[in-house]
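A look at the structure
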Amino acid sequence: MATRLLLLAVAGSVGALCRYGLSGVVQRAVVAQFPYGTLVVNVVASFLAGLLFGLFESRWPLSTEARIIVMVGFLGAFSTFSSVMLETANLARDGQWLSVAGNLLLQNSLGMVAVFAGFAAAHLLQGGAA
Amino acid sequence: MSVQDESVGATGGGVQSLVLTADDRDLDTVEAQLLRVFVGTDQKYHRKPLYEAIVLAARERHLAGATVLHGSMGYGAASRIHTAKILRVSEDLPVVVEIVDTANKIDAFLPIVDGMMDKGLITVETVRVLAYRHGVR
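Residues numbered from 1 in each chain as written. Chains lettered and ligands numbered in written order. Predicted model: local features only at pLDDT ≥ 70, side-chain atom pairs only at ≥ 80, totals over all residues.

Turning to the overall build of chain A, a few remarks are in order. Check the secondary structure of chain A and you find five helices and zero strands. For chain A, the N- to C-terminal ordering of α and β elements is α-α-α-α-α. Along the longest, intermediate and shortest principal axes, the C-alpha atoms of chain A span 50 × 40 × 20 Å. Each of the 130 residues in chain A was classed as buried or not, and the buried ones make up 34%. The contacts in chain A between residues at least 6 apart in sequence include a share of 73% that link residues at least 24 apart. (Helix = DSSP H or I, 4+ residues; strand = E, 2+ residues; numbered from the N terminus. Buried ≥ 20, exposed ≤ 12 C-beta atoms within 10 Å, placed from the backbone. Contact = placed C-beta atoms within 7 Å.)

In terms of helices and strands, chain B carries two helices and 10 strands. Its helices and strands in sequence order give chain B the pattern β-β-β-β-β-α-β-β-β-β-α-β, from N to C terminus. Burial statistics for chain B: of 137 residues in total, 22% are counted as buried. A fraction of 63% describes how many contacts in chain B between residues 6 or more apart in sequence connect residues 24 or more apart.

Residue and element names in this part refer to chain B. In spatial order, the strands read β6-β9-β3-β10; together these four strands make up an open sheet with antiparallel pairing. A single partner strand is all that each edge strand has here, and the edge strands are β6 (66-70) and β10 (121-128). Direction aside, the axes of adjacent strands within the sheet are offset by 20° on average. As paired elements, β6 and strand β9 (residues 94-101) share five bridges and run antiparallel to each other. Of the residues in β9, the one forming a bridge with Val68 is Val97. Contacts between helix α2 (residues 103-116) and the sheet are confined to β3 (31-40), β9 and β10, with β3 contributing the most and set at about 15° to the helix. (Pairing = 2+ DSSP bridges. Axes fitted to C-alpha atoms, helices over the stretch in contact; angles between N-to-C directions.)

All names here are of chain A. In this model, helix α3 (residues 64-78) (15 residues) spans 20 Å end to end at C-alpha, consistent with the 21 Å of a helix rising 1.5 Å per residue. Listed as buried for α3 are Ile69, Val70, Gly73, Phe74, Leu75, Gly76, Ala77 and Phe78. Of the surrounding secondary structure, the elements contacted by the buried residues of α3 are α1 (2-30) and α2 (36-57). (Expected span 1.5 Å × (residues − 1).)

Bringing the environment of A:Ala77 into the picture now. All names here are of chain A. Inspection of the secondary structure puts Ala77 in helix α3. Considering only alpha carbons, one finds Ala77 and Ala66, 11 residues apart in sequence, at a separation of 16 Å. Ignoring any residue separated from it by four or fewer positions in sequence, one finds Ala77 in contact with Gly12, Gly15, Ala16 and Arg19.

The next point concerns the interface of chain A and chain B. In this assembly, 13 residues from chain A lie in contact with eight residues from chain B. Listing elements by their share of the side of chain A that touches chain B, those giving two or more residues are α1 and α4 (81-93) of chain A. Ranked by the residues each element gives to the side of chain A that touches chain B, the list is headed by α4(A), at five residues. Residues belonging to the side of chain A that touches chain B are distributed by class as follows: four nonpolar, seven polar and two charged. (Nonpolar A, V, L, I, M, F, W, Y, C, P; charged D, E, K, R; others polar.)

Turning to the environment of B:Lys48, a few remarks are in order. Looking at the element boundaries, B:Lys48 is found in strand β5 (residues 48-49). Between the alpha carbons of B:Lys48 and B:Gly71 there is a distance of 19 Å; along the sequence they are 23 residues apart.

Residue and element names in this part refer to chain A. Between α4 and helix α5 (residues 97-125), the least distance of the axes is 8 Å, while the angle of their chain directions is 160°. Considering the angle they form, α4 stands roughly antiparallel to α5. In this structure, α4 meets α5 at a crossing whose hand is left-handed. Facing α4, whose interface residues are Val84, Glu87, Thr88, Leu91 and Ala92, α5 presents Ser99, Val100, Asn103, Leu104 and Gln107. (Parallel < 35°, antiparallel > 145°, perpendicular 65-115°, else oblique. Left-handed = near helix turned anticlockwise from the far one by under 90°.)

Here we take up the environment of B:Tyr45. Looking at the element boundaries, B:Tyr45 is found in strand β4 (residues 44-45). Contact partners of B:Tyr45, with chain neighbours within four places excluded, come to B:Leu50, B:Ala53 and B:Met116.

Once that is clear, we can look at the nonpolar core. Residues and elements named next belong to chain A. Core analysis: the largest hydrophobic core is formed by 19 residues, its most contacted members being Val44, Ala45, Phe47, Leu48, Phe74, Leu75 and Phe78. Contributions of two or more residues to this core are made by α2, α3 and α5. If one sorts the elements of this core by residue count, α2 sits on top with nine residues. When residues no more than four places from it in sequence are discounted, the contact partners of Phe47 are Ala114, Ala117 and Gly118. (Core = buried A, V, L, I, M, F, W, Y, C linked by C-beta atoms within 7 Å.)

With that settled, the discussion passes to the packing of α1(A) against α2(A). All names here are of chain A. Where α1 meets α2, the axes come as close as 7 Å, and the angle between the chain directions of the two elements is 135°. Taken as axis vectors, α1 and α2 run oblique relative to one another. Relative to α2, the crossing made by α1 is right-handed. On the side of α1, the interface is formed by Arg19, Leu22, Ser23, Gly24, Val26, Gln27 and Val30, while α2 contributes Tyr36, Gly37, Thr38, Val40, Val41 and Val44.

Laid out in structure tokens, this is it:
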């Protein structure tokens, strides 16, 4: 149990650092009052979730513990729901309703598309086997 | 405008203050200097927030007054946007320290502020003082 918690903490740290780095690079590159950094992070995280879930199912039959460490530890820290809500609320507070709708729509729709893209990528990596 | 001493209980020292006389109130000659220091919330001076260190330094040198204004968005020489609205770039938000006093005292304080800052902006402009009161009538 202690080992699992330690590995979860390490995976979470790596995920948090990855999120911090990627969202910073994206947000500074676009110079906009729209949270593109968080959007990109969540879309990438959704893609990785689909990809890894697909691969864990067949190609990499990892233990439940390893899956939890990667999916909960790394991806849990890498992706962020609270930031989406906070940034959307900040946009709403300033009356930027188009950005509010756009953020909620893009986060959900692109996130879902990315998960299915991850499934498809996992399928391709497995040589197209059903 | 005249300059007078006020006792300060906490330090026991005297504060040289800008005080308007009756004759000054409708005169354009009631001039002072407004020092503005633009820094970031994350900037430090001896492990203390820089804006706080500037205010304390101003008080130590008995300047007439200082005000810290927190900004919610801005960018500086690096052209890097900081905004409270987006979490990832909400660090190092802009802070402006405003200090008003006579030209001599502002000029004397400038090298001190300059020595405390590794980045930021300092401006000085002439202002008309219309009131400077401490609440005791």
